[in-house]
Amino acid sequence: MDIVVKGRKTEVPERFRKHVAEKLKLDKIQKLDGKVISLDVEVSKEHNPRQADRSDRVEITLRSRGPVIRAEASAADPYAALDLATGKLEARLRKQHEKRHNRRGNGRLTAAEVADVVPGVAELNANGQPVAAEEPPETVPTTRMGSLEVQGEGPLVVREKLHTAAPMTLDQALYEMELVGHDFYLFVDSETKHPSVVYRRHAYDYGVIQLETDPLAGAEAGGAGGALGG
């Protein structure tokens, strides 16, 4: 298995590629997950001067025969961001490894158990930074991306991804959400067959939104989906 390092809107120097290979010990990773298929490292850079302390972002994606595990972090330089992301990846791998060897019932976390396994998770955003640390950009330029006009350099990032996934239960969706370290997880409910989103609310509470076609809507375009919250 090789480690694929790529940059998004930034160049990745050869020195950093070698550092990634030294930092991500494949033998250590394969001891925790012997079914690893690929390991991708994506480096991106935020050019907003007000975000200099977290201008470099590293996202590590591990794909195996089991669930996808993702860890991401931002710091003032890519080496520090890599250290943070690697630590998160190893912690999630250890958690999954221990879960496989201490399986109870069907081995899936319930919503009540997640708070015990991942303390303080609701206080962090998808980049692993405290929510209170985020600041709005100083200027508000307008950029056109396809059919959208984006105001400012952030926090809106237009990025399209297409995922293929098997239907799953709500408990499994919660477990998958914790593995990738996000505040929400999109899935197809295996019972209702509806597109659904599970998301983190206040403290350790969770919510779920499901979509179904309105038979009275006809061909008229509807509004945007319901906002997460409440």
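Residue numbers run consecutively from 1 along every chain, following the written order of its sequence. Local features in this predicted model are restricted to residues of pLDDT 70 or higher, and side-chain atom pairs are both shown and tallied only at a pLDDT of 80 or more, whereas totals for entire chains, interfaces and linings draw on every residue. Working from all heavy atoms in the structure, the side-chain values ignore hydrogens and water.

### Side note on the pattern of salt bridges
Pairing is possible between side chains of opposite charge, provided their charged atoms come close. Salt bridges, as used here, are contacts in which a Lys or Arg side-chain nitrogen is within 4 Å of a carboxyl oxygen on Asp or Glu. Scanning the model with the defined rule gives 10 salt bridges in all. E90 is paired through a salt bridge with K28; the nearest N and O atoms lie 3.5 Å apart. Of the two residues, E90 sits in helix α3 (residues 78-101) while K28 sits in helix α2 (residues 26-32), which places them 62 residues apart along the sequence. Using a 1.4 Å probe on the protein chains alone, a residue whose accessible area is under 20% of its type maximum counts as buried, one over 50% counts as exposed, and one in between counts as partly exposed. Under the relative-accessibility criterion, E90 is labelled buried at 18%. Of the charged contacts in the structure, one is a salt bridge between E178 and R200, with a shortest N-O distance of 2.9 Å. Of the two residues, E178 sits in helix α5 (residues 170-180) while R200 sits in strand β8 (residues 195-200), which places them 22 residues apart along the sequence. Secondary structure elements are defined from DSSP: runs of H or I of at least 4 residues count as helices, runs of E of at least 2 residues count as strands, and each element is numbered from the N terminus.

### Regarding the side chain of S44
Counting through the fold element by element, S44 comes out in strand β2 (residues 36-45). Working rule for contacts: check all heavy atoms of both residues, and any pair within 4.5 Å makes them a contact. Ignoring anything within four residues of it in the chain, the contact list for S44 reads R8, T10, S55, D56 and R57.

### Concerning the pairing of β8
By the criterion of burial, β8 is predominantly enclosed, with 5 of the 6 residues buried. In this analysis, strands are considered paired if DSSP registers two or more bridges between them. What sits between strand β7 (residues 184-188) and β8 in their antiparallel hairpin is a turn of 6 residues, with K193 showing a positive phi close to 65°. Where β8 meets strand β9 (residues 206-210), 5 bridges bridge the pair, whose relative direction is antiparallel. Across the sheet, V197 pairs through a bridge with I209, a residue of β9.

### Side note on the side chain of D40
Looking at the secondary structure, you find D40 in strand β2. Taking relative accessible area as the criterion, D40 reaches 18% and is therefore assigned buried. A distance of 3.1 Å separates polar atoms of two side chains, one belonging to D40 and the other to R63. Beyond its immediate stretch of four places on either side in the chain, D40 contacts V4, E59, I60, T61 and R63. Within 3.5 Å is the distance limit for a polar contact, defined as a pair of N or O atoms, with the added protein rule that one can donate a hydrogen and the other accept it, and that residues adjacent in sequence qualify only through two side-chain atoms.

What is shown is where atoms sit, not what they do.
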